[in-house]
2 protein chains.
Amino acid sequence: MAYTMKDVAKRAGVSVATVSRILNGLSGYSEETKKRVNQVIDEMGYQPNAIARGLISKKTRTLAVLLPEVSDLFASEVLAGVEEEAHEKGYSVIICKTAKNGVRTMKYLQTLRENQVDGIIFMSETLTKEYYEAIRKMGASLVLVSTRSDYDIPYVKVDDRQAAYDATSYLVEKGHRSLGMLSGTEGDLIATVPRVAGFKEALCDHGLPAEEHRIAYGDFGFSSGALAMERLLRRVPDVEAVFCASDEMAVGALSLLHRKGIKVPGEISIIGYDNTRAAEMAFPPLTTMAQPLYQMGKKAVDIVLGHRSAESLLLSHQMVERETVGQR
Amino acid sequence: MAYTMKDVAKRAGVSVATVSRILNGLSGYSEETKKRVNQVIDEMGYQPNAIARGLISKKTRTLAVLLPEVSDLFASEVLAGVEEEAHEKGYSVIICKTAKNGVRTMKYLQTLRENQVDGIIFMSETLTKEYYEAIRKMGASLVLVSTRSDYDIPYVKVDDRQAAYDATSYLVEKGHRSLGMLSGTEGDLIATVPRVAGFKEALCDHGLPAEEHRIAYGDFGFSSGALAMERLLRRVPDVEAVFCASDEMAVGALSLLHRKGIKVPGEISIIGYDNTRAAEMAFPPLTTMAQPLYQMGKKAVDIVLGHRSAESLLLSHQMVERETVGQR
DNA sequence: CCCTGTGACGTAAACGTTTACTTTCGAAAA
DNA sequence: TTTTCGAAAGTAAACGTTTACGTCACAGGG
């Protein structure tokens, strides 16, 4: 049995209240008492019980991250940032894979409520009314990452439309005239629509064709990237450069192009999105529009802990030029 | 303020004990009472407080995973398995990045003790005496993943020596005679030594040269893979096939080879290790010795929860043949 | 008709803290 | 000398459960 505060108190010849005060740095004891108590604590190897503390303080110093998939380059990079910042701030983080599954998400939300988590970081998915209500009721603070909602909830993300616009513009500045796009899940309001809009808008602004058939939809994943690239090639045989909605899709496209013997960037230029580790490991190394994933994770915990006033953050994207975009 | 059991009890006209019994499926109440209480619970939207429960039961239904790096293909795949199985069993999992840093690890261990986690999954690192003692004192159960120790602690891993042996043998069966290896961190007792041993042993058994200069050391990472490959090429110019200690290193090697215009598998064959997502996304798709990462995660929680009797598990490795190994 | 057993509860004591209220005591103020 | 005040502590009531025990009524056996 681990020692409790009562044991420490008895051994030090004081009351539990005094021990508690010393542990919490409150006032109401002499320097001498403090020394003695701390010594006893060391001797006994006493460790406070956070559960008991949580029961009374109603704070658990625990955060939860809800994400669609744990083993995902995008998600795990953000997660790393969350873990780091939370650890610095003395919080624990528990992970919850939603699997884009409503009932699984709700079940997690219930567990989180029972466990009295202090804050929730909700990532990459649509916050339904059901989720929102559940979280509101449990009284945890909430922040959205890479998504947003109609409710007044702070979020941390990149300006997708602008980032897509910039990526596309970069391509035309490099002299490409026949552009294509490998997009994510068709109809996805959060991650697809704004990027497609940015892509089209950039083309329009540069007086370039932006027909719908220049966009091939996929699901952000590697294989869908290859498939989408193949479709795009059929529909736009003279395509010179393609903007991909994720690095994974870009790498899928790269793969297909390799297989077909089409040179990148010699014949076709490719630009990715996210700047996950897949980008640096690709061959050739993938030029991509970076999101500050790790930073997003860190900022998210700052916000959810209320250190940063509950304001949304639009983090800036950034081109990272590697070797898949050529000058034409 | 959320409702408590007391509120429910009052509204249902029973005592808290009865409510508790009903919630926990114990006996000692009539069907009728049960119905009434459950109805009240639904009406009020009552949710039990796991903190209070934990205080008295000394069980928190929480697991912790300690791993060197969160955003790592290997780790996140295992983590995904852990999350899945834990969720099925009704446990939460909290993540702790050790960063191969002793003091950070100890700090985490202290937090975990304070938070009374039920079990710890310790991954990919050496369990020092200090860690071991700390965990023993806190009374959490423990399981090792992809590592082992001198203490009698259950582990889940693959037989690295055998897997390396098999991978190497596969290469010689394909007709290669001049082999090389890209190894992980030199001296790493857990992840390097056994693989190097398996590599050498296979070469010896096939009567092939196994000089030390055929092994180039790195750190399991992508760039170290490219670097190591370059060194190996200098030292063994006629190398025909190389066994890499991780997929990431293999992909790094692939990259270097591409850059040098050396064909894979035409001129040199490459085989990886782990079968992370990097392997499928590589070009050409990487042949690799798979570890059942996701399964390892799941088994680890089974063991740590004591469902599987506290026995170590040596999971079987498996060749996954893709396109980086040719016949000579 | 009494005794015993059992089902259906209620009571209250834990669990290990925090914290609002005391209490005590010595020193400064009046 | 008395009053006042603050520092240094102690007491005990929370926090929301679980659970050992106690109570009560009723049924069945003798």
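What you see is a predicted model, and the numbers here were worked out from it, not measured in a lab. (Residues numbered from 1 in each chain as written. Chains lettered and ligands numbered in written order. Predicted model: local features only at pLDDT ≥ 70, side-chain atom pairs only at ≥ 80, totals over all residues. Heavy atoms only, no water.)

Visitor: Give a detailed account of the pattern of salt bridges, specifying residues and quantitative values.
Guide: All names here are of chain B. In this structure the tally under the stated criterion is 38 salt bridges over all chains. Across the pair Asp-302 and Lys-89 runs a salt bridge, and its minimum N-O distance is 3.7 Å. In this pair, Asp-302 sits in helix H13 (residues 293-304) while Lys-89 sits in the loop between helix H5 (73-88) and strand S2 (92-97), placing the two residues 213 residues apart along the sequence. Looking at Lys-89, the relative accessible area reads 28%, which means it is partly exposed. (Salt bridge = Lys/Arg side-chain N within 4 Å of Asp/Glu carboxyl O. Helix = DSSP H or I, 4+ residues; strand = E, 2+ residues; numbered from the N terminus. Buried < 20%, exposed > 50% of the residue type's maximum accessible area, 1.4 Å probe, protein only.)

Visitor: Please give an account of the nonpolar core that cites residues and values.
Guide: One finds Leu-182, Met-229 and Ile-270 of chain A together with Leu-182, Met-229 and Ile-270 of chain B to be the most contacted residues of the largest nonpolar core, which totals 58 residues. Sequence-distant contacts of Ile-270 of chain A, defined by excluding residues within four places in its chain, comprise Met-229, Val-242, Cys-244, Ala-250, Ala-253, Leu-254, Leu-257, Val-264, Leu-286, Thr-287, Thr-324 and Val-325 of chain A. Membership of the second largest hydrophobic core comes to 56 residues, among which are Val-143 and Leu-313 of chain A together with Ala-86 and Val-304 of chain B. (Core = buried A, V, L, I, M, F, W, Y, C linked by side-chain atoms within 4.5 Å. Contact = heavy atoms within 4.5 Å.)

Visitor: Describe in detail the packing of helix H6 (residues 102-114) of chain A against H5 of chain B, supporting the description with residues and values.
Guide: Axis separation between H6 of chain A and H5 of chain B bottoms out at 12 Å; the angle between their running directions is 75°. With respect to each other, H6 of chain A and H5 of chain B are oriented roughly perpendicular. Taken together, the residues of H5 of chain B that come into contact with H6 of chain A (itself represented by Arg-104, Lys-107 and Tyr-108 of chain A) are Glu-83, Glu-84 and His-87 of chain B. Of the residues contributing to the contact of H6 of chain A with H5 of chain B, the split by class is one nonpolar, one polar and four charged. (Axes fitted to C-alpha atoms, helices over the stretch in contact; angles between N-to-C directions. Parallel < 35°, antiparallel > 145°, perpendicular 65-115°, else oblique. Nonpolar A, V, L, I, M, F, W, Y, C, P; charged D, E, K, R; others polar.)

Visitor: Can you break down the domain arrangement of chain A residue by residue, with the values?
Guide: When cut into domains, chain A gives domain 1 (5-48), domain 2 (60-157 + 295-315) and domain 3 (160-291). Taking the mean C-alpha position of each, domain 1 of chain A and domain 3 of chain A sit 63 Å from one another. (Domains from an automatic or database assignment.)

Visitor: Go over the sheet that holds strand S8 (residues 241-244) of chain A with me, naming the residues and quoting the values.
Guide: All names here are of chain A. Strand order in this open sheet of six strands is S7-S6-S8-S9-S10-S12, and the pairing throughout is mixed. Edge positions in the sheet fall to strand S7 (215-217) and strand S12 (318-320), since each of these pairs with one other strand and no more. Strand-to-strand twist of the sheet, defined as the mean angle between neighbouring strand axes without regard to direction, takes the value 20°. Pairing analysis gives four bridges linking strand S6 (residues 179-183) to S8, with the strands arranged parallel. Bridged to Leu-179 within S8 is Ala-241. (Pairing = 2+ DSSP bridges.)

Visitor: Talk me through the UniProt feature "domain: HTH cro/C1-type" (unreviewed entry) in chain A; I want residue IDs and the actual numbers.
Guide: As recorded in UniProt, the sites labelled "domain: HTH cro/C1-type" (unreviewed entry) are residues 3-33 of chain A. Note that residues 3-33 of chain A is 61% helix and 0% strand, and that its end C-alpha atoms are spaced 19 Å apart. (UniProt positions renumbered as here; feature names shortened; annotations may be inferred.)

Visitor: Could you give an account of the interface of chain B and chain A, naming the residues involved and the relevant values?
Guide: Counting residues at the interface gives 53 residues for chain B, matched by 53 residues for chain A. In this assembly, chain B packs against chain A so that about 5000 Å² is buried in total across both faces, 56% of it on carbon and sulfur atoms. Remark: the boundary between chain B and chain A carries ten salt bridges. Salt-bridge contacts for Glu-84 of chain A lead to Lys-97 of chain B; the nearest nitrogen and oxygen are separated by 3.1 Å. The interface formed by chain B and chain A holds 17 residue pairs in polar contact (both at pLDDT 80 or more) in total. For the side of chain B that touches chain A, the secondary structure elements donating two or more residues are helix H4 (50-57), H5, S2, helix H6 (102-114), helix H11 (247-260) and helix H12 (277-281) of chain B. (Buried area = accessible area lost by both parts, 1.4 Å probe. Polar contact = N/O pair within 3.5 Å; in protein donor to acceptor, adjacent residues only side chain to side chain.)

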